[in-house]
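What follows is each chain in one-letter form.
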Amino acid sequence: MMKIEKYSIGVGDRFAHQARAQLRACLMAAEAGREVIPVWNKSNREHNIVGSEPASVRAAADDAVRALGWTKPYHVDADHINLDTVDRFIGPSDFFTIDVAHFIGRPAAQAAVEDFLAGHPELIATLMIAGIDRPFTTTRESVAQIAGKYLYAVQEAARIYRHIADRKGEGAFITEVSMDETDSPQTPPELLVILAAIAQEKIPIQTIAPKFTGRFNKGVDYVGDLKQFTIELEGDLAVIAHAIRQYGLPESLKLSVHSGSDKFSIYGAISRATAKFGAGVHLKTAGTTWLEELIGLAEAGPGGLALAKEVYAKAYENAQALCEPYASVIDIAFEKLPSPAQVQNWTAAEYTGALRHDQACRQFDQNVRQLLHVGFKVAAKMGDRYLRMLEECEESISRNVTSNLFARHIEPLFLAHSAPAIARG
Ligand SMILES: [Zn+2]
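Residues numbered from 1 in each chain as written. Predicted model: local features only at pLDDT ≥ 70, side-chain atom pairs only at ≥ 80, totals over all residues.

### So, the confidence of the model for the chain
Right, so step 1: The predicted model of the chain has a mean per-residue pLDDT of 96, with 98% of residues at 70 or higher.
Right, so step 2: For the stretch residues 420-425, pLDDT sits under 50, and the model shows 10 contacts to residues farther than four places along the chain or on other chains. (pLDDT = per-residue confidence, 0-100. Contact = placed C-beta atoms within 7 Å.)

### Let's talk about the sheet that holds strand β3 (residues 75-81)
Right, so step 1: Reading around the barrel, the 8 strands line up as β1-β2-β3-β4-β7-β8-β9-β10 and close back on themselves, with parallel pairing between neighbours. Adjacent strand axes in the sheet meet at a mean angle of 25°, parallel and antiparallel pairs treated alike. (Pairing = 2+ DSSP bridges. Helix = DSSP H or I, 4+ residues; strand = E, 2+ residues; numbered from the N terminus. Axes fitted to C-alpha atoms, helices over the stretch in contact; angles between N-to-C directions.)

### Overview of the pairing of strand β8 (residues 205-209)
Right, so step 1: Of all 5 residues in β8, 5 are buried; the element is thus mostly enclosed.
Right, so step 2: One crossover worth recording links strand β7 (residues 174-178) to the parallel β8 by way of helix α6 (residues 188-200), and it is right-handed.
Right, so step 3: Relative to strand β9 (residues 254-257), β8 runs parallel, the two being bridged by 2 bridges. Following the sheet pairing, isoleucine 208 is matched in β9 by leucine 255. (Buried ≥ 20, exposed ≤ 12 C-beta atoms within 10 Å, placed from the backbone. Right-handed = clockwise from strand over helix to strand, strands pointing away.)

### Describing the domain arrangement of the chain
Right, so step 1: Taken domain by domain, the chain consists of domain 1 (7-287 + 405-415) and domain 2 (290-397).
Right, so step 2: The gap between the C-alpha centroids of domain 1 and domain 2 is 29 Å.
Right, so step 3: At the junction of the two partners, domain 1 supplies 19 residues and domain 2 supplies 20 residues.
Right, so step 4: In terms of residue count, the dominant contributor to the side of domain 1 that touches domain 2 is helix α2 (residues 44-50) (3 residues).
Right, so step 5: Class assignment of the residues belonging to the side of domain 1 that touches domain 2 gives a composition of 5 nonpolar, 7 polar and 7 charged. (Domains from an automatic or database assignment. Nonpolar A, V, L, I, M, F, W, Y, C, P; charged D, E, K, R; others polar.)

Written out as C-alpha cells, the structure is:
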C-alpha cells in the first residue's frame, strides 16, 4: 500500500510555476536532517477559478522532481473533492482529500445506526484513552446521537473512496477524509466514532482533517484560544493512536491541518504535541505561495512592481465577488484597505512591507494580505501577460517562495522539536 510519510507539507501552486522553488524548501529540510515530503495540492475550486486542469499539477511536480533530483516520495493531492468533481483528478492524483463536511448531520438510515451500535459495544462504556486525562462516559443514546450525525458522512466518504479505488486500484493512492469546513470541532468521542465507522467501511484512511476551534483565515495567523486548541489537538492525537490500535487502521494515520499556512502561533503547539505523541502531521498550505509570487514581482523591478499594483487595484475593484467564495475564511476590514491610488504611489519596499507576513513589521497590513490572497483570479485573467512576468522575475520570486516555506513553515513546525527516539509507523 502507498503510505504517507510521517511529516509532509501540502504546497499549493496556483499558476504551476513554483514547484521547483517549493521543492527546494523540502531539500533544505532534508539537509537539516528532517524528511518532509511535498504534496502538491490544488482544490477543484482553485482549478475552476484559475481555469486549470489537475494534470498541470502533476506535470509541474514531476518536472520539479526531475530537475532537482528529488529521490524521496512526493504526491499530488486532489484537494476537497466529492463524487461530482473527482473524475478529472483520478489520473494525475495519488492523494485524495475526500470532503464530506457537507454531509455531516444528514441522518443515516436507522438500520445503519442500529447495525453500527450492535457492532461496537466497546464504544458504550467509560472510555480511558491513553494521553487524555479524564475518562469519557458514553451511553447508548450518546453514541447513537453521534452515529446519527456522522454515519451518513462516513458512508458518503466510502462511496467516493470506492469510486476512486475501482478506477486506480486499492493501495495505489493515499486517502484523506476532511471534516474541517463545518461549524463545530469534533469532540474525542465523536472522532472515535468517526474513525470506528471509517474502519468499518474499510476506508484505508491515512490523514484526517478535523475541525479545530478558532479562525483559520486564509493567509494570516490563527485567531483563537491557544489553550483550547492545544487541548483539542492532543485529544485528536490520542484518539487517532487509540483508533489505530483498536480498529486496525493504517499505522501511518495522522492529522492533516487545513488552511495551515501562516498559522505561526499554533506551530509551537503542533510541534510539541506531535513530538509528545510520536505522531506525524500533514500541514496544508496553498495561497501563501501565490502571495510570495506577488512579493517577488514587486521586488524584481519596475515592470514587476507595476503588475503587482495592478493586481491590487483590480482586486480592490472586484473585492466583493472575489471574497464571496471565501467569506467564511477571511476577515477583511474593507474600510481600512488603502485605495488603489495610494498603492499606486508605493515603493517596492512599501508594497512588500504591507504584504509580507512579518507581524513585527509596522507596515504589515493583514487586510491587504487577505484581499490579495483571494485575488489570484485577477492574475488568472491576465493570462500570458502574468505568466511571462513570472518567468521574467523568476529569481526574486523563487527566492521568496523557498524562504517563506522553509523559514516560516518548515523550520518552526518540523525542525523545532525532535521526535522521540522510537518513531511510530
Ligand atoms: Zn480544507
